[in-house]
Amino acid sequence: PPVTTPPRTDPAGDDATVTTMTSLTTGPDPAGDDPGGWLLDLMRVMAPHPRSITGDGVRATLADVAKHIPLVVHEVPSGTPVLDWTVPREWNVRSAWLTDPTGRRVVDVADNPLHLLGYSVPVEARMSLDDLRPHLFSLPDAPDRIPYRTSYYNDNWGFCLADELARTLPDGTYTVHIDTSLTEGSLTYGEFVVPGRGEETVLVSTHVCHPVMANDNLSGIAVATRLAATLAARPQAPRFTYRFVFVPGTIGSITWLARNRDVTGRVHAGLVLTGLGDRSAFTWKRSRRGGTTIDRAVELVLAQSAETGPGATGEPARLVDFSPYGYDERQYCSPGFDLPVGRFGRGQHGEYPEYHTSADDFTFVDADRLAGSYRTLLQVLNVLERDRTWRNLAPYGEPQLGRRGLYRGIGSVMGSKAYEMGLLWMLSYSDGTNSVGDIARRSGLSFDALADAADALAAAGLLAPA
């Protein structure tokens, strides 16, 4: 169901360094009680749209997203210079098929959008099998799968098909029908901003250009949509401003960067989301700089949480250093921008055999893994929101906590040894140099227990923002 956004009521005061933020991981979820099912449902709705880097498939996908969040859709005309690139012509598909010498349809884009080489130019022709072969793409090492191939910036045409079918094509004359258009249209992307109490921004980006494939594309779109809806529905404005962007891969993020120079300087942390539904363990690809706020937040969450339940692998999360190959993190981290952005997902691009093939379907993704990705990302955003550096206002000896009501809070409300220890750890290490996350890593206590303790100590006048 669509997610409604209730009016916000901000706490007294606008100082983001003083106002506390309750945990994002607790409380009712406005999108429902079954996140995995919700995410799969949205993915199935979006699956049929013929997505590419431009065209009506992207627009239809963004229209599905807009049913859940008030998305702003941008159209950037073909020919527009964007950094060192130019927005390409718009591509749309009406029909495409190939018939063999007997008149049998060998492949039809109506059966699977992967059958058509992305950005194929229009063709009406009859030709021999030898002439056709250079335009056929298959995977000899995975003979039952259709590959995903594109030719965005080089006029070409072709069909993708299973290698076991390609090997059995008979000699003779084939009929090629490709009814596509390449016009001076526009590139389309979507954006949704959740205003925060400050201008520092958390960027969440996912690509919207891959057809059909469930893990590499649909999972990122769905999880980003639900995160945005959940943040927008919170009655309290977040500490940071959250900017969710839904862009075509590479050219879309380049276009967004070219049009948002005023925003990039305010990016405090960023995440590129994709590949969130397969059954492998989490993978965090660090930002180009490494050691940034988002790197520390993700690594803390992954160190302090373990996936459980059906389908859990039991494998530790993977932490990999930045490389200039992958998804849109390489654009956000390009040296001129050098934004603190990393990629969060499960299987690494190119490392699982289903990647960019027809095997990346709804049997490859799992509702529990999707829900786990969503909940883990909420924990990451929670750390960003609540992590700060405090200064002990009573640093000479241990202050008396009982007369300030903090022990009563422990006994009657929290009932938590972790919370009691959190008070002591926060007092001991809040010297103006250690953040809550730093203390969590050192102590082994949960981040939320320490953040709750810090809030209680601040309210008692024992801690102040450093």
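## A word on the environment of G422
With respect to the element layout, G422 can be found in helix α12 (residues 417–429). For G422, a relative accessible area of 0% translates into the label buried. Each C-alpha atom of the pair G422 and L450 lies 4.8 Å from the other, and the pair is 28 residues apart in sequence. With residues near it in sequence (within four places) discarded, G422 still touches L445, L450 and A453.

## Concerning the environment of T230
Here T230 lies in helix α5 (residues 214–233). Residue T230 is classed as buried on the basis of its relative accessible area of 1%. Along the sequence, T230 and R404 sit 174 residues apart, while their C-alpha atoms lie 35 Å from each other.

## Some thoughts on the nonpolar core
Grouped together as the largest cluster of nonpolar side chains are 75 residues, with contacts concentrated most on F244, F246, L273, F344 and M426. For this core, the element with the most residues is α5, which contributes 11 residues. Ignoring any residue separated from it by four or fewer positions in sequence, one finds L273 in contact with V204, S205, T206, G220, V223, A224, L227, F344 and L377. Y119, L182, I254 and V263 belong to the second-largest nonpolar core, a separate cluster that totals 55 residues.

## Thoughts on the confidence of the model for the protein
Across the protein, the average pLDDT comes to 91, with 91% of residues at or above 70. Counted against residues more than four places away or in other chains, residues 1–17, with its pLDDT under 50, gives 36 contacts. Contacts of residues 409–415 to residues separated by more than four positions or lying in other chains number 9 contacts, the stretch itself having pLDDT below 50.

## Let's talk about helix α8 (residues 293–304)
Relative to the 16 Å expected for 12 residues at 1.5 Å per residue, α8 spans 17 Å between its end C-alpha atoms, a close match to the ideal helical length. Within α8 the residues assigned to the buried category are I294, D295, A297, V298, L300, V301 and L302.

## Thoughts on the side chain of H115
Note that H115 resides in the loop between β5 (105–108) and β6 (123–128). The class for H115 is buried, based on a relative accessible area of 11%.

## Focus on the packing of helix α1 (residues 35–46) against helix α2 (residues 56–65)
One can describe the packing of α1 onto α2 by two numbers: an axis separation of 10 Å at closest approach and a directional angle of 150°. On the basis of their axis angle, the class for α1 and α2 is roughly antiparallel. The chirality of how α1 crosses α2 is right-handed. Packed against α1, whose contacting residues are L42, V45 and M46, the element α2 presents T61, D64 and V65 at the interface. Across the contact of α1 with α2, the residue classes tally to 4 nonpolar, 1 polar and 1 charged.

## Observations regarding the sheet that holds strand β19 (residues 463–465)
An order of β18-β17-β19 is seen for the 3 strands of this open sheet, with the pairing classed as antiparallel. Two strands bound the open sheet, and with one partner strand each, they are β18 (431–435) and β19. For this sheet, the mean angle separating the axes of adjacent strands, direction not counted, is 40°. As paired elements, strand β17 (residues 389–392) and β18 share 2 bridges and run antiparallel to each other. Opposite T389, over in β18, you have S435 as the bridge partner.

## Describing the pattern of salt bridges
Throughout the structure, instances matching the rule amount to 22 salt bridges. D56 is the salt-bridge partner of R59, the closest N and O atoms lying 2.8 Å from each other. Highlighted residues: R59 and D56, both in helix α2, separated by 3 residues, approximately one helical turn. A salt bridge links R318 to E351; the shortest N-O distance between them is 2.9 Å. Within this pair, whereas R318 is found in strand β15 (residues 318–320), its partner E351 is found in the loop between β16 (341–345) and α10 (367–386), the two being separated by 33 residues in sequence. A residue is classified by how much of its surface remains accessible, and R318, at 35% relative accessible area, is partly exposed. When salt bridges with common partners are traced through the structure, they connect D56, R59, E75 and E90 into a single cluster.

## Section: unusual backbone geometry
Comment: phi is negative for the bulk of residues other than glycine, and the bulk of peptide bonds are trans. Backbone geometry places N217, a non-glycine residue, at a positive phi of 145°. Structurally, N217 is set in helix α5. For N217, a relative accessible area of 0% translates into the label buried. Its identity is not glycine, yet T250 carries a phi of approximately 65°, on the positive side. Residue classification places T250 among the buried positions, given a relative accessible area of 19%.

Conventions adopted
- Residues numbered from 1 in each chain as written.
- Predicted model: local features only at pLDDT ≥ 70, side-chain atom pairs only at ≥ 80, totals over all residues.
- Heavy atoms only, no water.
- Helix = DSSP H or I, 4+ residues; strand = E, 2+ residues; numbered from the N terminus.
- Buried < 20%, exposed > 50% of the residue type's maximum accessible area, 1.4 Å probe, protein only.
- Contact = heavy atoms within 4.5 Å.
- Core = buried A, V, L, I, M, F, W, Y, C linked by side-chain atoms within 4.5 Å.
- pLDDT = per-residue confidence, 0-100.
- Expected span 1.5 Å × (residues − 1).
- Axes fitted to C-alpha atoms, helices over the stretch in contact; angles between N-to-C directions.
- Parallel < 35°, antiparallel > 145°, perpendicular 65-115°, else oblique.
- Left-handed = near helix turned anticlockwise from the far one by under 90°.
- Nonpolar A, V, L, I, M, F, W, Y, C, P; charged D, E, K, R; others polar.
- Pairing = 2+ DSSP bridges.
- Salt bridge = Lys/Arg side-chain N within 4 Å of Asp/Glu carboxyl O.

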